[in-house]
Amino acid sequence: MTQPNLPLTGACLCGAVQLHVTASPLLTLACHCRDCQKLAASAYSLTVMFPAEAVTVTGELVLGGKHSEERKHYYCPTCLSFVLSRLKAAPERVNLRASLLDDLTWFTPFVEVMAEDKQPWATVPASHSYARFPTTAKELADLMDDYAKAIAPSAAGRDPA
């Protein structure tokens, strides 16, 4: 796993919504739930979790998809690309759809969630797998800590002084 080169940029399919990210990801995920399979027209969706203050969105977003008071999904109103999700319980974080970023050479899913809905032929190189989701805030914090260590620049070649 590698650290992305910042800032990260991206856009929806038609370019009406532009993304600019100034901080390293908190976590990368693959979600196998049936909703994500339908939204992504694939076996899973890919998500990058960032600190909310590090993400700037230019262009209009509309609420859509299967959302609730706890989870809001936002789309480009022109091309209907699924752009990001926000959780009421975690306003300090934003979940971006990884496929909208211009450079994904650094991206590897660190965690897979909703593996109970996983297509039998689908595999991802995630280090952690959950039948559903991490169940506690501490478990999620530990995953984010492990991820930060996994993408930290290598200590090799550094002066130990």
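Details of the structure are given in the entry above.
Residues numbered from 1 in each chain as written. Predicted model: local features only at pLDDT ≥ 70, side-chain atom pairs only at ≥ 80, totals over all residues. Heavy atoms only, no water.

> Can you tell me about the packing of aromatic side chains, naming the residues and giving the values?
If you walk through the whole model with that rule in mind, you get three aromatic pairs. With a centroid separation of 4.9 Å and an interplanar angle of 15 degrees, the aromatic rings of Tyr75 and Phe82 are classed as stacked. Both rings, one in Trp106 and one in Phe107, keep their centres 5.7 Å apart while their planes meet at 70 degrees; by these two values the pair is edge-to-face. We classify Trp106 as buried; its relative accessible area is 4%. A residue is classified by how much of its surface remains accessible, and Phe107, at 12% relative accessible area, is buried. We note Arg97 situated over the ring of Phe82; from NZ or CZ to the ring centre the distance is 4.3 Å. (Phe/Tyr/Trp six-rings, centres within 6.5 Å; stacked < 30°, edge-to-face > 60°. Buried < 20%, exposed > 50% of the residue type's maximum accessible area, 1.4 Å probe, protein only. Lys NZ or Arg CZ within 6 Å of the ring centre and 35° of its normal.)

> Mind laying out the pattern of salt bridges, listing which residues take part and the relevant values?
All chains considered together, the criterion is met by five salt bridges. Linking Glu69 and Lys72 is a salt bridge whose minimum nitrogen-to-oxygen distance equals 3.6 Å. Judged by relative accessible area, which is 51%, Glu69 ranks as exposed. For Arg93, the salt bridge goes to Glu92, with nearest N and O atoms at 3.2 Å. (Salt bridge = Lys/Arg side-chain N within 4 Å of Asp/Glu carboxyl O.)

> Could you give an account of the sheet that holds strand β4 (residues 45-51), naming the residues involved and the relevant values?
The eight strands are arranged β6-β7-β8-β9-β4-β3-β10-β11 in an open sheet whose pairing can be described as mixed. Of all the strands in the sheet, the pair left with one neighbour each is β6 (62-64) and β11 (128-129). Where strand β7 (residues 71-75) and strand β8 (residues 82-87) come together, five bridges link them in antiparallel fashion. Across the sheet, the residue bridging to Lys72 is Arg86, located in β8. (Pairing = 2+ DSSP bridges. Helix = DSSP H or I, 4+ residues; strand = E, 2+ residues; numbered from the N terminus.)

> Can you tell me about unusual backbone geometry, naming the residues and giving the values?
The omega torsion across Leu6 and Pro7 is 0 degrees, close enough to zero to call that bond cis. Relative to the elements of secondary structure, Pro7 occurs in the segment before β1 (8-11). Residues other than glycine seldom take positive phi values, yet Ala41 does so here, at roughly 50 degrees. With respect to the helices and strands, Ala41 occurs in the loop between α1 (34-40) and β4. One non-glycine residue, Leu80, adopts positive backbone phi at about 65 degrees.

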